[in-house]
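Observations on the model geometry
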Amino acid sequence: MVEAALSLEGITCTFVSRSTPGQRYTAVQDTTLAVAPGEFVSVVGPTGCGKSTLLNVGAGLLPPSSGTVKVFGEPLRGINRRAGYMFQGEALLPWRSALDNVTAGLEFANVPREQAQEEGRLWLKRVGLGGFESRYPHQMSGGMRKRTMLAQTLIRDPDIILMDEPFSALDIQTRQLMENEVLDLWMTKRRAVLFITHDLDEAIAMSDRVVVLSAGPGTHPIGEFAIDLPRPRDVAEVRTDPRFVELHAAIWGVLREEVLKGYAQQKRA
Ligand SMILES: Nc1ncnc2c1ncn2[C@@H]1O[C@H](COP(=O)(O)OP(=O)(O)OP(=O)(O)O)[C@@H](O)[C@H]1O
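Residues numbered from 1 in each chain as written. Predicted model: local features only at pLDDT ≥ 70, side-chain atom pairs only at ≥ 80, totals over all residues. Heavy atoms only, no water.

An unreviewed UniProt entry annotates the protein chain as ABC-type nitrate/sulfonate/bicarbonate transport system, ATPase component of Orrella dioscoreae. Quoted verbatim from the Sequence similarities (unreviewed entry) heading of the UniProt record, the comment on the protein chain is "Belongs to the ABC transporter superfamily." (UniProt positions renumbered as here; feature names shortened; annotations may be inferred.)

Listed below in structure tokens is the structure:
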């Protein structure tokens, strides 16, 4: 069997309340999830169920209360250096130009400035931002900022790419363009991707496999679906494929109840 690029084994995450120290909340319970090298896996689940928590565990940003994280078979200690992480929100430094934001990771890795700048220009071109090197974040649209973040994440060529609802703030057209761009880049490099989304259409259109999480507390996987749609895919066109419709119905059958539970919990909170 091929060694998983990222493997979360029996992960439980319990948070202690800061305001009431005796109070605990188990967000994720006994979750096992693996991504093979070159595989694109999406995790879907109701809002607040623990998707970001799991991704933070995989990134090494949050040590689990129990369970093991392995990266290419090695137990993870500290930050996952083989992973690139694209966050949900804005993660650009406002005082740096697009180019200087993209090259930040290379700078921290002590890559000589000239080489970093050359690679940065290349990556900005790849994400459709050739000519926008000197723009500052406040001078760019939301879509341009997301493209810059994508280049910033991919420039270090990580073996594992962790993405937390990267396009949720974008309008649907820009979002689909970016989803296709990510798929094109992924097809050329075939890195392991763990992609978090609450959008089932996006998950099916992008992935090889979709994992469904239960509502919290004690979130855990309750379903797993292989997405056998042919590649290359266009995320807009693939939605009309009868197999897509079939998969959507099957996954929604599992997810629907959990979404309702998650919604009811949020209303109570
Ligand atoms: N550091 C923390 N301390 C206390 N509780 C936390 C902490 N981090 C997350 N939680 C709680 O754990 C649960 C899961 O949060 P998480 O952000 O992982 O959910 P999510 O599925 O990514 O949510 P969304 O879909 O809204 O982005 C939530 O109830 C959240 O309030």
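Gly48, Gly50, Lys51, Ser52 and Thr53 are the nearest of the 13 residues found near the ligand. A distance of 2.8 Å is found between an oxygen atom of the ligand and a side-chain nitrogen or oxygen belonging to Lys51. Protein chains bury 59% of the 640 Å² of accessible surface belonging to the ligand in isolation. Counting residues per element, the ones that place at least two in the shell around the ligand are β2 (24–35) and α1 (51–59). (Near = heavy atom within 4 Å. Polar contact = N/O pair within 3.5 Å; in protein donor to acceptor, adjacent residues only side chain to side chain. Areas by Shrake-Rupley, 256 points an atom, 1.4 Å probe, with all protein chains shown as cover. Helix = DSSP H or I, 4+ residues; strand = E, 2+ residues; numbered from the N terminus.)

Let us look at the nonpolar core. The biggest cluster of nonpolar side chains holds 48 residues, and the ones touching the most others in it are Phe40, Leu150, Ile204, Ile227 and Ile251. Shared between two domains, this core takes at least three residues from each, and those domains are domain 1 (1–81 + 158–172 + 193–253) and domain 2 (90–157). Excluding residues within four positions of it along the chain, Phe40 makes contact with Val182, Leu183, Trp186, Val193, Phe195, Met206, Ser207, Asp208, Arg209 and Arg231. Counting residues in each nonpolar core, the second largest holds 26 residues, with Ala5, Leu33, Cys49 and Leu55 among its members. (Core = buried A, V, L, I, M, F, W, Y, C linked by side-chain atoms within 4.5 Å. Buried < 20%, exposed > 50% of the residue type's maximum accessible area, 1.4 Å probe, protein only. Domains from an automatic or database assignment. Contact = heavy atoms within 4.5 Å.)

For the protein chain, the mean per-residue pLDDT works out to 93, and 99% of the residues sit at or above 70. The secondary structure element of the protein chain with the lowest average pLDDT is helix α3 (residues 104–108), at 90, and the one with the highest is strand β4 (residues 66–71), at 98. For this predicted complex, the interface confidence score (ipTM) comes to 0.95, while the overall pTM stands at 0.93. (pLDDT = per-residue confidence, 0-100.)

Attention now moves to the side chain of Arg147. Mapped onto the elements of the fold, Arg147 is located in helix α5 (residues 142–154). Here Arg147 falls in the buried class, since its relative accessible area comes to 13%. Separated by 3.0 Å, the side chain of Arg147 and the backbone oxygen of Val127 make a polar contact. There is a polar contact of 3.0 Å between the side chain of Arg147 and the side chain of Glu181. Dropping the residues within four chain positions of it, Arg147 is found in contact with Val127, Leu129, Leu177, Met178 and Glu181.

Within this structure, the stated rule accounts for 3 aromatic pairs. Summarising the aromatic geometry, the rings of Tyr85 and Phe87 are spaced 4.3 Å apart at their centres and angled 15° between planes, so their arrangement reads as stacked. Owing to a relative accessible area of 16%, Tyr85 belongs among the buried residues under this scheme. One cation-aromatic arrangement involves Arg126 over Trp123; the distance from NZ or CZ to the ring centre is 4.6 Å. (Phe/Tyr/Trp six-rings, centres within 6.5 Å; stacked < 30°, edge-to-face > 60°. Lys NZ or Arg CZ within 6 Å of the ring centre and 35° of its normal.)

What follows covers the sheet that holds strand β9 (residues 209–213). The strand order across the open sheet formed by 6 strands is β6-β7-β8-β3-β9-β10, and the pairing between neighbours is mixed. One side of each edge strand has no neighbouring strand; the edge strands of this open sheet are β6 (83–86) and β10 (221–226). Averaged over neighbouring strand pairs, the angle between their axes works out to 15° when direction is ignored. The pairing of strand β3 (residues 40–44) with β9 spans 4 bridges and is classified as parallel. Across the sheet, residue Val44 finds its bridge partner in β9, namely Val212. Helix-sheet contacts for α5 involve β6 and β7 (160–164), and the interaxial angle to β6 is about 170°. In the packing of helix α8 (residues 242–268) onto the sheet, the strands contacted are β3, β9 and β10, and the crossing angle to β10 comes to about 170°. (Pairing = 2+ DSSP bridges. Axes fitted to C-alpha atoms, helices over the stretch in contact; angles between N-to-C directions.)

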